[in-house]
Amino acid sequence: MRPKDDAVDEELAMKAMVVVPDGGDGSLRWQELPDPEPGPGEVVIAVRAAAVNRADLSMRRGTYRQDATARRDGIVVAGLEAAGEVVAVGEGVTRLAPGDRVMTMCSGGYAELVAVDARLPMPVPAGVAWDQAAALPVALMTELDALATAAELRAGESVLVTAGGSGVGTIGVQVARILGAGTVVTTVRGPAQRELLLELGADAALDGDDPELADAIRQASDGGVEVAIDHVGASALPANLDALVPGGRLVSVGRLGGTVAELDMDLLARKRLRLIGVTFRTRSLDQYGAIARLVEERLLDSVARGAIRTVIGARYPMTDALAAQERLRTGELHGKIVLTLP
């Protein structure tokens, strides 16, 4: 932890972005809180950078439900992923030590210090900057879990990744390629996203608003895809199912395009399709940790070699977190928004 000044009797205080509910979209306030102490099985990380996620907007509104959401005496600290240096370890922690550079899913990452379960952090490969590292944990864990575990992607299979320009989408295309996918198709908005996703390894980047999208996906993938990783939700379901080949699998990751859709059950039966829902909100810390270890095993070498590229759409100082969240909510940008601390 930070060294104490014997001449100062006041309790050490870090600064953090606290969620301020207001009955609407909510707000954030940069305020002092007591330094966190690591409990048994925990570590404290000095945050160097954090990233903004869509779920942060739900947390601000008070509608996000996650078993591990950080609440300190009734106060909710914003932020779901961060990168920094371990500064203290709790009882029983052996896999991490002070000075380790780590990136992690967390609860309360918009802060100078954050305490997390020691099963969650992953090492930051040498040469990876703090802002790049902060943008990786959620996307790496989400996309590897969706592709490798939920969809059981096999080498050579074709993959559709919807919303390719999003923070998770840009990583999803790259992870699919690293896992040995054959044709990788993605959906985008605008020429800038199309150019970016082709650079990242997509074989085709299609207009996500194309009314004939299913036909375009089939044409780009030589007849259809085996796996669809969907970051959109209800509005994308008809085209996704239409573009899947018999025996195909659709993994529902995001639902910003709606949570309720009409399902053609005859199509589902005729094609023998599998619909798979995933979320981190209902998982245990053991399950989080298992996915983190899988990322270390299968993807961190690619991060170290630059084979997985972090796409940062904008950077803000941590004190401007509210403006950064609004940029995510209202702005058209690709990649992740990152918050930095000195």
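Calculation notes
Numbering of residues begins from 1 in every chain and follows the order in which that chain's sequence is written. The predicted nature of this model means local features are confined to residues of pLDDT at least 70 and side-chain atom pairs, given and counted, to a pLDDT of 80 or more, with totals for whole chains, interfaces and linings taken over all residues. Based on all heavy atoms of the structure, the side-chain values leave hydrogens and waters out of the count. Here an axis means a line fitted to C-alpha atoms, over the contact stretch when the element is a helix, while the angle between two N-to-C directions is reported on a 0 to 180 degree scale. Only DSSP runs of H or I reaching four residues or more are called helices, and only runs of E reaching two or more are called strands; each is numbered from the N terminus. Here the word oblique covers every angle except those under 35 degrees (roughly parallel), over 145 (roughly antiparallel) and from 65 to 115 (roughly perpendicular). Throughout, a residue-residue contact means that at least one pair of heavy atoms, one from each residue, lies within 4.5 Å. Gly is put with the polar residues, along with every residue not named as nonpolar or charged; the nonpolar set is Ala, Val, Leu, Ile, Met, Phe, Trp, Tyr, Cys and Pro, and the charged set is Asp, Glu, Lys and Arg. With a 1.4 Å probe rolled over the protein chains alone, any residue whose accessible area is under 20% of its type maximum counts as buried; one over 50% counts as exposed, and the rest are partly exposed. For the charge count, each Lys or Arg is scored as positive and each Asp or Glu as negative, with His and the chain ends excluded. In what follows, salt bridge is the name for a side-chain nitrogen of Lys or Arg lying within 4 Å of a carboxyl oxygen of Asp or Glu. Residues adjacent in sequence count toward polar contacts only when both atoms are side-chain atoms; beyond that, a polar contact is any pair of N or O atoms within 3.5 Å, and within protein one must be able to donate a hydrogen and the other to accept it. Side-chain rings of Phe, Tyr and Trp, where Trp is taken by its six-membered ring, are said to pair if the distance between their centres is within 6.5 Å; with planes under 30 degrees apart they count as stacked, over 60 as edge-to-face, and otherwise as tilted. Lysine NZ or arginine CZ positioned within 6 Å of the ring centre and within 35 degrees of the ring normal marks a charge as sitting over the ring.

Novice: Even after reading the chapter, I still don't get the packing of helix α3 (residues 137-150) against helix α9 (residues 285-298), so can you show me in this structure?
Specialist: The relative placement of two packed helices is expressed as an angle between their axes plus a distance between the axes. At a closest axis distance of 10 Å, the pairing of α3 and α9 adopts a crossing angle of 85°. One finds that α3 runs roughly perpendicular with respect to α9. Across the interface between the two elements, Leu140, Met141, Leu144, Asp145, Ala148 and Thr149 from α3 touch Tyr288, Ile291, Ala292, Leu294, Val295 and Arg298 from α9. Of the residues assigned to the contact of α3 with α9, the class counts are nine nonpolar, one polar and two charged.

Novice: Before we go on, may I ask you to explain the side chain of Asp56 in this structure?
Specialist: Note on placement: Asp56 falls in helix α1 (residues 54-61). In this structure, Asp56 is buried with no salt-bridge partner, the nearest side chain bearing the opposite charge being Lys336 at 7.8 Å. A distance of 2.8 Å separates a polar side-chain atom of Asp56 from the backbone nitrogen of Asn53. In this structure the side chain of Asp56 is engaged in a polar contact, spanning 2.8 Å, whose partner is the side chain of Tyr110. Discounting chain neighbours no more than four positions away, the residues touching Asp56 are Ala51, Gly79, Leu80, Tyr110 and Gln325.

Novice: Please explain the pattern of salt bridges as it appears in this structure.
Specialist: Between side chains of opposite charge, pairing is possible as soon as their charged atoms come close. Enumeration according to the criterion identifies 20 salt bridges in this entry. For the salt bridge of Glu326 with Arg60, the shortest nitrogen-to-oxygen distance reads 2.7 Å. Residue Glu326 is found in helix α11 (residues 321-330), and its partner Arg60 is found in helix α1; the two are separated by 266 residues along the sequence. Judged by its relative accessible area of 5%, Arg60 is buried. Between Asp203 and Arg177 there is a salt bridge whose closest N-O contact spans 2.6 Å. Pair noted here: Asp203 is in the loop between α5 (191-199) and β12 (204-207) and Arg177 is in helix α4 (residues 167-178), with a separation of 26 residues, a long-range link. For Asp203, a relative accessible area of 47% translates into the label partly exposed. Through salt bridges with shared partners, one network takes in Arg60, Glu326 and Arg329.

Novice: I'm lost on the packing of aromatic side chains in this one. Help?
Specialist: The geometry of an aromatic ring pair comes down to the distance between the two centres and the angle between the two planes. Considering all chains together, one arrives at one aromatic pair under this definition. Relative to Tyr288, the ring of Phe280 lies with its centre 5.5 Å away and its plane at 50°, an arrangement referred to as tilted. The burial state of Phe280 is the same as that of Tyr288; both residues are buried. A cation over an aromatic ring shows up here: Arg101 above the ring of Trp130, its NZ or CZ 4.5 Å from the ring centre.

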